[in-house]
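# Notes for the structure review
The primary structure of each chain is shown beneath.
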Amino acid sequence: MIDTDKYEGHAEGNWDWDDIGILMDVFGTPIAEMTEGWNTKEATAQLIADAPLLLAEVKRLREGINEVLNKCWPNATKMMIKLKEMIE
C-alpha cells in the first residue's frame, strides 16, 4: 500500500509540460525538467504530469472503501452498489 502522507505539501493543481520539457504547476513554477532526449509526449512524462490526479484518485478510492466497510458491511446489497459507484 502507498503511504500517501509522504506526498503532503506537493505542488497543487494540474501540472503541465511547456514546449521545452519543463513541468510546471498552475502558477508557472517549475517542478521538474526532462533531460535531453526525452519526449514530453511519452507515457512516462504524462504519468509524472498526472501525479496529482492519481494521488487524488487513490485518496478518493480509499475513502470510499472505508465508507463501504464501516457503513455497509451488514448489508451486502448496499456494499455492492457503493463499490460499483466507486469504480464508475
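Whatever comes next refers back to the structure up there.
Moving on: the overall build of the protein chain. Within the protein chain one finds three helices and three strands. Listing the helices and strands of the protein chain from first to last along the sequence gives β-β-β-α-α-α. Across the 88 residues that make up the protein chain, the buried fraction comes to 20%. Relative to all contacts within the protein chain whose residues are 6 or more apart in sequence, the contacts with residues 24 or more apart total 34%. Surface exposure of the protein chain reaches about 6900 Å², of which carbon and sulfur atoms provide 57%.

Inspection of every chain in the model, using the stated rule, returns two salt bridges. Here Glu8 ties to Lys59 by a salt bridge, and the two come within 3.3 Å at their closest N and O atoms. Here Glu8, found in the segment before β1 (16–17), pairs with Lys59, found in helix α2 (residues 51–72); they are 51 residues apart in sequence, far enough to count as distant. A salt bridge links Arg60 to Glu57; the shortest N-O distance between them is 2.8 Å. With Arg60 and Glu57 both in helix α2, this residue pair falls three residues apart, about one helical turn. By relative accessible area, Glu57 is classed as partly exposed at 34%.

On to the pairing of strand β3 (residues 30–33), then. Consecutive side chains of a regular strand alternate in pointing toward one face of the sheet and then the other. Both strand β2 (residues 22–24) and β3 contribute to a ladder of three bridges, which runs antiparallel. Opposite Met24, over in β3, you have Pro30 as the bridge partner. Taking the residues that link successive antiparallel strands as the turn, the β2-β3 hairpin has five residues, and the phi of Gly28 there is positive, at about 85°.

Examined against the element boundaries, Gly21 turns out to sit in the loop between β1 and β2. Classification of Gly21 as buried rests on a relative accessible area of 6%. Expressed as a C-alpha distance, the spacing of Gly21 and Thr35, which sit 14 residues apart in the sequence, is 7.8 Å.

The rules behind each value
- Residues numbered from 1 in each chain as written.
- Predicted model: local features only at pLDDT ≥ 70, side-chain atom pairs only at ≥ 80, totals over all residues.
- Heavy atoms only, no water.
- Helix = DSSP H or I, 4+ residues; strand = E, 2+ residues; numbered from the N terminus.
- Buried < 20%, exposed > 50% of the residue type's maximum accessible area, 1.4 Å probe, protein only.
- Contact = heavy atoms within 4.5 Å.
- Areas by Shrake-Rupley, 256 points an atom, 1.4 Å probe, with all protein chains shown as cover.
- Salt bridge = Lys/Arg side-chain N within 4 Å of Asp/Glu carboxyl O.
- Pairing = 2+ DSSP bridges.

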